[in-house]
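# Close look at the chain arrangement
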Amino acid sequence: MTGTGTLLQSGLLPQGMDVSFKLAPAVLVLGMLAIFLLIGFVFRVADTEDMWVAGRSIGNIENGMAIGANWMSAASYLGMAALIALSGFYGLAFVVGWTTGYFILLIFMAAQMRRFGKYTAPDFVGDRFNSDTARGIAAVTAFLIAFVYAIGQARGMALVGLYIFGDIGFAGLSGYQAMVIVMMAITVLYLTLSGMMGATKNMAVQYVILIGAFLAGMYVVGWTQGYSTVLPQIEYGMLISELGSEFSEPFATASPYLWIATCFSLVVGTCGLPHVLVRFYTVENERTARWSTVTGLFFILLLYLGAPAYTAFGVRLFDVNPNTATTYAAEGGMSAATADVLVVLVVVAAQFANLPQWFVGFVAAGGIAAAIATTAGLFITGSSAVSHDIYVNLINEDATQRQQILVGRLGIVALGVLTTLAALDPAAPIGALVSYAFSLAGSVLFPMFFLGLWWENTNRQGALAGMLTGLTIWFIPMINEVLPTYISNGEPYVAALAQWLPAIGSALVGVPVVFAVTIIVSVMTDEPSLKTKKMVRQCHSPEPMGQQQSAEDVVTDGGEPLDD
Amino acid sequence: MRDHLRVIWTGFIAWAILVFGPVFATIAAPETMTSQIPVIEFPLHYFLVAFCAPSGALILSAWYARKRDQLDAKYGIDHSEPTGTAGSAEDATATDGGVDQ
């Protein structure tokens, strides 16, 4: 497999990746999946409180790990290295956007959301704005986010599975497609079994596996190749000058505007993603919500600070590997074809470094753990949008716990089937798919959360107008840029629009506009009721609240404390 | 509450400079920003963005969570034993954000 343009299997497989059954890695991965199923079974759930918010009992370190595992998906573990190698300095917008957003989440929303104390993100929107329509829009948005986001995970899992188990193509499907189906089946099975309690317990385990595998991979590659010793996160600086200017030259592949738009979108997206927010509903109290954000960010940085280092090692190994027959600099950065190597760069780097097969398998297993943990979080929030927000709140108000859990499980299966179908032939790379989900969350949900929590006069009309505006602003570039890749030549319909309202960073325009629309409409219409205002105030009150209490409970039952 | 807001806005401004400062600086003065840092040999802009921004956000987060704990201690708020009913403390707080300051 030499030459830059040669690709295996419908262009999805990177050259130089050895697809065959590998015994030791296969045993490792199967063992790992068995552990996930076992933990899921042990902590399986019987009621909705456990199903959606893990009984609100999760502690600081455990939730920090869950935040980390939930967050770091195939896009972080596998896709980010590709982004950094492909786009040079622009790739760092993803490193920054996907980490620093947690600070904004922490100071403006984490503890306040915990005090509001509901089950899902659409719950917050519906109850805060007293509107089933608003709840419905938020639920559909949450479902859409879970779906778009999960496609990339399915692809990542399948690529790694293919590397480990070889080509198991059946029933006329390619090896990659067969692997998508197998991996998604396992994920859905374990999720329907375990619910949020099992998923959260599993996330701690998955975090340990994924970070262990990533760090081991990075340290061993760096050490054996003589690139680094104890601090690869800093030592890779010495490699940069050897990699060609494309690796670090600012704004070579993307304009400063795109850099800022992307970074901004990822930051506000972080604060608007339902599967991230729900992590704050699962903790025991607001102080835990705060500190677990700090621990969570620390756990995330263990991977994110290492990602550029690992990428630099991978690119260097790519340069010196005789089989790739080209170099990074000769390619002027990375061409689209060679870049495919980098989709699984983390795994391929270990292979290029001639490390033992079981070790490469261990690194690959980390990728699967990352993808499964994130898919778990996404599917649970997506299905809770269906079961809790749409079914219980809009269709059948008297639903029993059994019915709710049944509909929830059906939701997970439905998401699994949809994602599997979409991942069989994905049209966009992992990183891009995930970023569209961030733009959506940032434009539609983040302004509702922020204004809903911080400005008590935000009302129903304002929220509805704002969310519809946000959805529109998100759809315009999706139609302009993403639709053509499916139905025509892939060029955007209006180039100027693609430049100033890029799909990947549309929240830079979306957020200010949605804020303005929401505020103007809220001011022009009636103020919300006193009860709603009290709920908002309760979110900021310094008074401790009971573990199972929500702001609404306090406002309704404990009228006493609100002596304003 | 007012103490808390001051902490929040201080943190937010520090965060904005940390995250977007290096990028704007690189746009304004590309020559200076891409020069190599001695010893670790990073181009300055690359190091500020890839390393300093994420780690800075972590430090800010820890700083905020600690500040918030100190504020809780200052006003005698204890999260370790949730009260169940929110109205038990003697100086029941007005939740409009003015009284506890």
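Presented here is an overview of the structure given in this document. (Residues numbered from 1 in each chain as written. Chains lettered and ligands numbered in written order. Predicted model: local features only at pLDDT ≥ 70, side-chain atom pairs only at ≥ 80, totals over all residues. Heavy atoms only, no water.)

Glancing now at the overall build of chain B. Across its full length, chain B carries three helices and zero strands. Per-residue burial for chain B yields a buried fraction of 44% across its 101 residues. Summed over all atoms, the accessible surface of chain B reaches about 5,100 Å², with 64% contributed by carbon and sulfur. (Helix = DSSP H or I, 4+ residues; strand = E, 2+ residues; numbered from the N terminus. Buried < 20%, exposed > 50% of the residue type's maximum accessible area, 1.4 Å probe, protein only. Areas by Shrake-Rupley, 256 points an atom, 1.4 Å probe, with all protein chains shown as cover.)

It is worth spelling out the overall build of chain A at this point. Looking only at helices and strands, chain A has 24 helices and zero strands in total. Among the 564 residues that make up chain A, the fraction classed as buried is 66%. Sequence-distant contacts in chain A: of pairs separated by 6 or more residues, those separated by 24 or more amount to 84%. If you sum the accessible surface of chain A, you get close to 17,300 Å²; carbon and sulfur atoms cover 65% of it. (Contact = heavy atoms within 4.5 Å.)

Another aspect to go through is the packing of aromatic side chains. Within a pair of aromatic rings, the relevant descriptors are the distance that separates the centres and the angle that separates the planes. Residue and element names in this part refer to chain A. Tallied over the full model, the rule gives 30 aromatic pairs over all chains. Here Phe-108 and Phe-450 contribute two aromatic rings whose centre-to-centre distance is 5.1 Å and whose plane-to-plane angle is 70 degrees, an arrangement assigned as edge-to-face. Linking Phe-108 in helix H5 (residues 92-116) with Phe-450 in helix H19 (residues 430-454), this pair joins segments that are 342 residues apart in sequence. Phe-450 shares its class with Phe-108; the two are buried. (Phe/Tyr/Trp six-rings, centres within 6.5 Å; stacked < 30°, edge-to-face > 60°.)

For Asn-130 of chain A, which is not glycine, the phi dihedral falls at a positive 45 degrees. A relative accessible area of 42% means that Asn-130 of chain A is categorised as partly exposed.

A few words on the nonpolar core. Counting residues in each nonpolar core, the largest one holds 198 residues, and the members touching the most others are Trp-71, Tyr-77, Trp-98, Trp-259 and Tyr-304 of chain A together with Tyr-46 of chain B. Here the element with the most residues in this core is helix H8 (residues 175-224) of chain A; it accounts for 19 residues. Setting aside residues no more than four positions away along its own chain, Tyr-77 of chain A makes contact with Leu-210, Ala-213, Phe-214, Leu-303, Val-346, Val-363, Gly-366, Gly-367 and Ala-370 of chain A. (Core = buried A, V, L, I, M, F, W, Y, C linked by side-chain atoms within 4.5 Å.)

Turning to its location among the elements, His-540 of chain A is positioned in helix H23 (residues 530-540). For His-540 of chain A, the side chain forms a polar contact with the main-chain oxygen of Leu-453 of chain A, separated by 2.4 Å. (Polar contact = N/O pair within 3.5 Å; in protein donor to acceptor, adjacent residues only side chain to side chain.)

Here we come to the pattern of salt bridges. All names here are of chain A. For the structure shown, the criterion picks out twelve salt bridges over all chains. For Arg-135, the salt bridge identified is with Asp-132, shortest N-O distance 3.9 Å. Taken together, the residues span about one helical turn, with Arg-135 and Asp-132 both in helix H7 (residues 132-165) at a distance of three residues. According to the relative accessible area criterion, Arg-135 is buried, its value standing at 4%. With relative accessibility at 45%, the residue Asp-132 sits in the partly exposed group. (Salt bridge = Lys/Arg side-chain N within 4 Å of Asp/Glu carboxyl O.)

Residues and elements named next belong to chain A. For helix H1 (residues 23-42), built from 20 residues, the straight-helix expectation of 28 Å at 1.5 Å per residue is met to within 8% by its first-to-last C-alpha distance of 28 Å. The complete set of buried residues in H1 reads Pro-25, Ala-26, Val-29, Met-32, Leu-33, Phe-36, Ile-39 and Gly-40. Buried residues along H1 cover an arc of 160 degrees about the axis, so they all sit on one side. Of the residues in H1, the exposed ones pointing more than 90 degrees away from the buried face are Leu-23, Val-27, Leu-38 and Val-42. (Expected span 1.5 Å × (residues − 1). Arc of directions from axis to C-beta.)

This part covers the packing of H5 of chain A against helix H1 (residues 2-28) of chain B. The interhelical angle for the contact between H5 of chain A and H1 of chain B, taken along N-to-C directions, is 170 degrees, at an axis separation of 11 Å. With respect to H1 of chain B, the axis of H5 of chain A lies roughly antiparallel. Across from Val-96, Thr-100, Phe-103, Ile-104, Ile-107, Phe-108 and Gln-112 of chain A in H5 of chain A, the residues of H1 of chain B making contact are His-4, Ile-8, Trp-9, Gly-11, Phe-12, Trp-15 and Val-19 of chain B. A breakdown of the residues in the contact of H5 of chain A with H1 of chain B according to their chemical character gives ten nonpolar, four polar and no charged. (Axes fitted to C-alpha atoms, helices over the stretch in contact; angles between N-to-C directions. Parallel < 35°, antiparallel > 145°, perpendicular 65-115°, else oblique. Nonpolar A, V, L, I, M, F, W, Y, C, P; charged D, E, K, R; others polar.)

The subject of this paragraph is helix H3 (residues 60-71) of chain A. Residues and elements named next belong to chain A. The terminal C-alpha atoms of H3 lie 16 Å apart, and with twelve residues this matches the ideal 16 Å at 1.5 Å per residue to within 8%. For H3, the buried fraction is high: nine of the twelve residues fall into the buried class. Of all the positions in H3, only Asn-63, Gly-64, Met-65, Ala-66, Ile-67, Gly-68, Ala-69, Asn-70 and Trp-71 are classed as buried.

Time to look at a nonpolar patch on the surface. Residues and elements named next belong to chain A. There is a patch of nonpolar side chains on the surface, built from Phe-475, Ile-479, Leu-483, Ile-487, Tyr-493 and Val-494 and spanning about 560 Å² of accessible area. If you trace the backbone, Ile-479 turns up in helix H20 (residues 460-487). Accessibility expressed as a relative area gives 44% for Ile-479, which makes it partly exposed. (Patch = residues over 30% accessible without salt bridge, like charges linked within 9 Å, V, L, I, M, F, W, Y side chains within 5 Å.)

This part covers the packing of H1 of chain A against helix H17 (residues 357-395) of chain A. All names here are of chain A. At a minimum axis distance of 8 Å, the contact between H1 and H17 shows a crossing angle of 30 degrees. The pairing of H1 with H17 is recorded here as roughly parallel in orientation. As H1 packs across H17, the resulting crossing turns out to be right-handed. Facing H1, whose interface residues are Leu-23, Ala-24, Pro-25, Leu-28, Val-29, Met-32, Leu-33 and Phe-36, H17 presents Gln-357, Trp-358, Gly-361, Phe-362, Ala-365, Ile-368, Ala-369 and Ile-372. Taken together, the residues that form the contact of H1 with H17 break down as 14 nonpolar, two polar and no charged. (Left-handed = near helix turned anticlockwise from the far one by under 90°.)

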